[in-house]
Amino acid sequence: QPRRFMTIGLDVTGATAPTVATMAITNDALDPSMQYYGFHCTLMGPRCDTLGIDKMKKLSLVSLKAALIRHFALHQQLPDALLVIRSGVSTGQISAVTTKELNGMRRAIYEIQNDAQFMRQFETNNTATKPGKGKGKGGGGGGGKSGAPQSWNPKIFAVMINKNIPERVYEYQQPGGGGVHYSLPQNPIILQQGIVSKTAWDCILHVGGGTNAKKPSPTKLTVLSFPNVNKKECANLIQYLHSLHYGYGFAVPFQMGPTSLPSPLLYAQHYANWLLEMITSDDVDVKTIKPHTRLLSRPQLVLL
């Protein structure tokens, strides 16, 4: 149910100065309409693949506040969970993502929880009661265990998806030579043959799509944070990630099949590259590249 969670795509783009970190948050990822998306970005130094705790906290604080306002207006409750999808980092940077970026987001959530003036706007007939007297299930604005909006404490599910992987998938060589061939599966599958990595819970995904139909483009899914570890929830996560490959609005009606990455990541990459293209040698101040706040379909620049 889209009302129970928000999906966040985070990507860092740019090998030269400046590097752009973009966060795309959707309140209904199953609908490719742009009205459910919000984009925020920030500028960093050259070759910065990950965000520090303070930068991640400030970026998440602005993005989550805007997303919560949209979510409450659309679903009349706050989300119970956040799904963070990260791309653009290697396997060796998993520790930086978990210790810096995820902790920075948790600090932003903690600050939002203690911002009584901001949380007051989410009070409803069910939540405007004394703590412990609320109705409803879940920890969202529909009334959690305490029934007060200040008790909003979402679960954080975090995954990392990489396109450039060293594993050779579906590759075979005919006896007697003849070069390398690929045996493409007909349906989306999960490939798990033994342990892919000794340091993380990961697997190889093949969803399909891409511009080269003769050569597959599998991705590696690495689970960074998963509060509920059970078979049913894992299956739901994979199915949901598969559906996100059909949520990129610019690729409709998907003549070449699904996209290579989930839609929140593609939106984040798209607007990060767009902002990089807007920066010219004549720009001497960040204010000259800052979009107007009323342009909701453009990434809003967060100054750190």
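See the structure above.
Anyway, here's the lowdown on the structure attached to this text. (Residues numbered from 1 in each chain as written. Predicted model: local features only at pLDDT ≥ 70, side-chain atom pairs only at ≥ 80, totals over all residues. Heavy atoms only, no water.)

## Comments concerning the pattern of salt bridges
Logical step 1: Enumeration over the complete set of coordinates arrives at 4 salt bridges.
Logical step 2: Linking Lys57 and Glu111 is a salt bridge whose minimum nitrogen-to-oxygen distance equals 3.1 Å. With a gap of 54 residues between them, Lys57 in helix H1 (residues 53-75) and Glu111 in helix H2 (residues 94-113) connect regions that are remote in the sequence.
Logical step 3: Between Lys65 and Asp115 there is a salt bridge, and its shortest N-O distance comes to 3.2 Å. (Salt bridge = Lys/Arg side-chain N within 4 Å of Asp/Glu carboxyl O. Helix = DSSP H or I, 4+ residues; strand = E, 2+ residues; numbered from the N terminus.)

## Description of the environment of Ala67
Logical step 1: By the element assignment, Ala67 lies in helix H1.
Logical step 2: Ala67 gets classed as buried once you look at its relative accessible area, which sits at 0%.
Logical step 3: The spacing of Ala67 and Tyr37 is 30 residues in sequence and 8.2 Å in space, taken between C-alpha atoms.
Logical step 4: Look past the residues within four positions of Ala67 in its chain and what remains in contact with it is Met6, Ile25 and Asn27. (Buried < 20%, exposed > 50% of the residue type's maximum accessible area, 1.4 Å probe, protein only. Contact = heavy atoms within 4.5 Å.)

## Observations regarding H1
Logical step 1: When the terminal C-alpha atoms of H1 are compared, their 30 Å separation across 23 residues agrees well with the 33 Å that a helix rising 1.5 Å per residue should span.
Logical step 2: Looking at H1, one finds that the buried residues are Met56, Leu59, Ser60, Leu61, Ser63, Leu64, Ala67, Leu68, His71, Phe72 and His75.
Logical step 3: Structurally, H1 contributes buried residues whose contacts are with strand E1 (5-13), strand E2 (19-26), strand E3 (37-44), strand E4 (81-87), H2 and helix H3 (116-119).
Logical step 4: One or two steps after H1, the chain reaches Gln76, where phi turns positive at roughly 60°. (Expected span 1.5 Å × (residues − 1).)

## Overview of the packing of H1 against H2
Logical step 1: The contact between H1 and H2 brings their axes to 7 Å, and the two run at 50°. Taken as axis vectors, H1 and H2 run oblique relative to one another. Judged by the twist between their axes, the crossing of H1 over H2 is right-handed. Where H1 abuts H2, its residues Ile53, Asp54, Met56, Lys57, Ser60, Leu61, Leu64, Lys65 and Leu68 lie against Thr99, Lys100, Glu101, Gly104, Met105, Arg107, Ala108, Ile109, Glu111 and Ile112.
Logical step 2: When its residues are assigned to classes, the contact of H1 with H2 shows 9 nonpolar, 3 polar and 7 charged. (Axes fitted to C-alpha atoms, helices over the stretch in contact; angles between N-to-C directions. Parallel < 35°, antiparallel > 145°, perpendicular 65-115°, else oblique. Left-handed = near helix turned anticlockwise from the far one by under 90°. Nonpolar A, V, L, I, M, F, W, Y, C, P; charged D, E, K, R; others polar.)

## A few points about H2
Logical step 1: For H2, with 20 residues, the first-to-last C-alpha span of 27 Å sits near the 28 Å given by 1.5 Å per residue.
Logical step 2: Those residues of H2 not exposed but buried are Ile94, Ala96, Val97, Glu101, Leu102, Gly104, Met105, Ala108, Ile109, Ile112 and Gln113.

## Quick word on the packing of aromatic side chains
Logical step 1: Counting across every chain of the model gives 9 aromatic pairs.
Logical step 2: Ring plane angle 90° and centroid distance 5.1 Å describe the contact between Phe5 and Tyr240, whose orientation is recorded as edge-to-face. Taken together, the residues span a long stretch of sequence, with Phe5 in strand E1 and Tyr240 in helix H4 (residues 231-244) at a distance of 235 residues.
Logical step 3: Overall, Tyr240 belongs to the buried group, its relative accessible area being 12%.
Logical step 4: Aromatic rings pair up to connect Tyr37, Phe39, Tyr248, Tyr267 and Tyr271 into one cluster.
Logical step 5: Positioned over the ring face of Phe118 is Lys65, at 5.3 Å from the centre of the ring. (Phe/Tyr/Trp six-rings, centres within 6.5 Å; stacked < 30°, edge-to-face > 60°. Lys NZ or Arg CZ within 6 Å of the ring centre and 35° of its normal.)

## Let's talk about the environment of Met6
Logical step 1: Mapped onto the elements of the fold, Met6 is located in strand E1.
Logical step 2: Exposure remark for Met6: the relative accessible area of 0% places this residue in the buried category.
Logical step 3: Distance in space between the C-alpha atoms of Met6 and Ala29 is 7.8 Å, their sequence separation being 23 residues.
Logical step 4: Beyond its immediate stretch of four places on either side in the chain, Met6 contacts Ile25, Thr26, Asn27, Leu64, Ala67, Leu68, His71, Pro79, Ala81, Leu82 and Leu83.

## Comments concerning the pairing of E2
Logical step 1: Most of E2 sits inside the fold, with 8 of its 8 residues counted as buried.
Logical step 2: As paired strands, E1 and E2 are joined by 7 bridges and run antiparallel to one another. Within the sheet, the bridge partner assigned to Thr13 lies in E2 and is Val20.
Logical step 3: Of the strand pairs in this sheet, E2 and E3 are connected by 8 bridges, and their pairing is antiparallel. Across the sheet, Ala21 pairs through a bridge with Thr42, a residue of E3. (Pairing = 2+ DSSP bridges.)

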